[in-house]
Amino acid sequence: MKSARDYRSTYASAHRPRMSDAPALVEIRERELCCVKCRTQRKEVFAFGRWNPAECTTCNPAEASPQEAERVGGYVGLDLLNVLARAGFNMHKLKGATLTSFRTEHDGHALERAEEWIEIIRDTKGMPFAERPWFYFFGDGATVVDDRFGRRINPGRVGNQKTWLATAITRALVADGTIAAGRLRFATSEEIILATEATFRSGSEDSEARLIGLYAEPELLIVDEFMLRPPSAHVARLFDEILKRREGKATGFTSNVAPGVLDEFDPALVRLTDRIMGNCGDGARFVVKFSGPSIRRQIARGVA
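This section reports on the structure supplied with the text. (Residues numbered from 1 in each chain as written. Predicted model: local features only at pLDDT ≥ 70, side-chain atom pairs only at ≥ 80, totals over all residues. Heavy atoms only, no water.)

### Observations regarding the sheet that holds strand S7 (residues 184-188)
Spatially, five strands are ordered S7-S8-S9-S4-S10 in an open sheet, and the strand pairing comes out parallel. With one partner strand each, in any of the chains shown, S7 and strand S10 (287-290) form the two edges of the open sheet. For this sheet, the mean inter-axis angle between neighbouring strands, taken without regard to orientation, is 10°. Where strand S4 (residues 134-139) and S10 come together, four bridges link them in parallel fashion. Across the sheet, residue phenylalanine 137 finds its bridge partner in S10, namely valine 288. (Pairing = 2+ DSSP bridges. Helix = DSSP H or I, 4+ residues; strand = E, 2+ residues; numbered from the N terminus. Axes fitted to C-alpha atoms, helices over the stretch in contact; angles between N-to-C directions.)

Next comes the structure, spelled out in structure tokens:
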């Protein structure tokens with residue numbers, strides 16, 4: 001008579017998989033490709049009969065987990081992009097703007113200054129009345145021209161990632177909770193000028209006060225394309241009042257015009273440029289010149 005052990009042994013032998021029943025080994029291969037956007041190397045894996053593209057870790061860096069972000073008071077993933085979009089950043093165009101995706105082959109010094117500026121802002125978090133410096137990123141090569149069309153400014157180099165780096169700076173500070181949602185704002189210089197001109201036409205001092213508060217109150221303000229159109233005397237006065245109230249608050253500017261060129265174009269703008277230079281750290285160390293070519297044009301030509 002067979003024991004229970006014998007029955008178990010017979011059952012196991014009958015149901016033991018044979019070599020012919022084993023699944024075929026999956027063929028796995030790898031290849032390296034360049035990201036079409038940032039040109040860094042990335043890997044693709046061939047498995048189950050097809051190539052599986054991997055996300056570029058430069059353009060799409062791994063974010064911290066939601067639990068970790070909640071612990072430090074910051075934002076990650078889509079929440080982070082939504083915070084920046086609500087503040088005025090064009091996240092359709094700047095979704096990939098991070099410190100690691102900034103192209104350093106032409107203006108590597110700019111990234112060094114950006115990282116130094118970020119550390120100062122982080123170190124002063126929670127410190128009452130701490131002075132936070134400003135930064136001013138400008139494209140090299142602007143000149144003042146006098147011709148039959150009048151006096152004007154030929155802008156300096158464009159498309160060399162000034163706005164990209166300013167967005168990456170903001171993203172880093174929001175992601176780790178240094179700057180809270182609702183306490184930052186992005187605006188072009190033209191947007192501020194048009195809003196200021198609108199208050200002038202209305203003649204309402206109360207409107208001017210609200211406008212000044214709108215741009216003076218945020219913990220971080222980024223002004224893009226600064227002085228692309230030189231303002232009138234009235235607009236310059238309100239602009240100066242906004243900047244005066246922002247002294248000690250984190251503020252960044254991107255421009256295609258060096259501060260000295262603005263002074264040459266209109267001596268009345270010295271009041272603005274002097275305030276900016278005086279707030280960009282000792283020796284104006286955060287006034288940063290960008291000399292690289294247009295990355296946008298290189299991408300369009302397929303050479304970047």
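### As for the side chain of arginine 132
Note on placement: arginine 132 falls in the loop between helix H5 (104-123) and S4. The exposure class of arginine 132 is buried, given its relative accessible area of 9%. A distance of 3.0 Å separates a polar atom in the side chain of arginine 132 from a polar atom in the side chain of threonine 124. Apart from the residues within four sequence positions on either side, arginine 132 is in contact with Ile121, Thr124, Lys125, Ile179, Glu219, Gly248, Lys249 and Ala250. (Buried < 20%, exposed > 50% of the residue type's maximum accessible area, 1.4 Å probe, protein only. Polar contact = N/O pair within 3.5 Å; in protein donor to acceptor, adjacent residues only side chain to side chain. Contact = heavy atoms within 4.5 Å.)

### Thoughts on the pattern of salt bridges
Per the stated rule, a full pass over the model turns up 17 salt bridges. Two residues, arginine 275 and aspartate 240, come together in a salt bridge whose shortest N-O distance is 2.9 Å. With arginine 275 in helix H11 (residues 270-279) and aspartate 240 in helix H9 (residues 233-245), this residue pair connects regions lying 35 residues apart in the sequence. Across the pair, aspartate 240 and arginine 275 agree in class, each one buried. It is possible to trace a salt-bridge network through shared partners that takes in Asp240, Glu247, Arg271 and Arg275. (Salt bridge = Lys/Arg side-chain N within 4 Å of Asp/Glu carboxyl O.)

### A word on the side chain of serine 101
Note on placement: serine 101 falls in the loop between helix H4 (91-94) and H5. Classification of serine 101 as buried rests on a relative accessible area of 5%.

### Re the packing of aromatic side chains
Across all of its chains, the model carries 11 aromatic pairs by this definition. Between phenylalanine 102 and phenylalanine 290, the aromatic rings sit 6.4 Å apart at their centres with planes inclined by 85°, giving edge-to-face as the arrangement. Of this pair, phenylalanine 102 sits in the loop between H4 and H5 while phenylalanine 290 sits in strand S10, placing them 188 residues apart in sequence. Neither residue differs from the other here; phenylalanine 102 and phenylalanine 290 are each classed as buried. (Phe/Tyr/Trp six-rings, centres within 6.5 Å; stacked < 30°, edge-to-face > 60°.)

### Digging into H5
A maximum bend of about 35° is found in H5 at alanine 110. All of the buried residues along H5 are Asp107, Ala110, Leu111, Ala114, Trp117, Ile118 and Ile121. Looking at the packing, one finds that the buried side of H5 touches S4, helix H6 (162-175), strand S8 (220-224), strand S9 (250-255) and S10. (Bend = angle between axes of the 7 residues up to and from the residue.)

### What to know about a positive patch on the surface
Where like charges cluster on the molecular surface, the positive patch consists of Lys93, Arg296, Arg297 and Arg301. Per element, the largest residue contribution to the positive patch is three residues, and it comes from helix H12 (residues 295-301). Within the fold, arginine 296 resides in helix H12. (Patch = residues over 30% accessible without salt bridge, like charges linked within 9 Å, V, L, I, M, F, W, Y side chains within 5 Å. Areas by Shrake-Rupley, 256 points an atom, 1.4 Å probe, with all protein chains shown as cover. Lys, Arg positive; Asp, Glu negative; His and termini not counted. Charge placed at Lys NZ, Arg CZ, Asp CG, Glu CD.)

### Quick word on the nonpolar core
Residues Trp117, Tyr136, Leu165, Ile169, Leu184, Phe226 and Phe239 are the most contacted members of the largest nonpolar core, which totals 69 residues. Of all the elements, H6 adds the most residues to this core, at seven residues. Contact partners of tyrosine 136, with chain neighbours within four places excluded, come to Phe226, Phe253, Ser255, Val257, Ala258, Pro259, Leu262, Ile276, Cys280, Phe286, Val287 and Val288. (Core = buried A, V, L, I, M, F, W, Y, C linked by side-chain atoms within 4.5 Å.)

### As for the packing of H5 against H6
The relative placement of two packed helices comes down to the angle between their axes together with the axis-to-axis distance. At a minimum axis distance of 10 Å, the contact between H5 and H6 shows a crossing angle of 30°. With respect to their mutual orientation, H5 and H6 come out roughly parallel. Regarding H5 and H6, the two cross each other, and that crossing is right-handed. Taking contact as the criterion, the partners of Ala110, Leu111, Ala114, Trp117, Ile118, Ile121 and Arg122 in H5 are, on H6, Leu165, Ile169, Ala172 and Leu173. Classifying every residue of the contact of H5 with H6 by side-chain character gives 10 nonpolar, no polar and one charged. (Parallel < 35°, antiparallel > 145°, perpendicular 65-115°, else oblique. Left-handed = near helix turned anticlockwise from the far one by under 90°. Nonpolar A, V, L, I, M, F, W, Y, C, P; charged D, E, K, R; others polar.)

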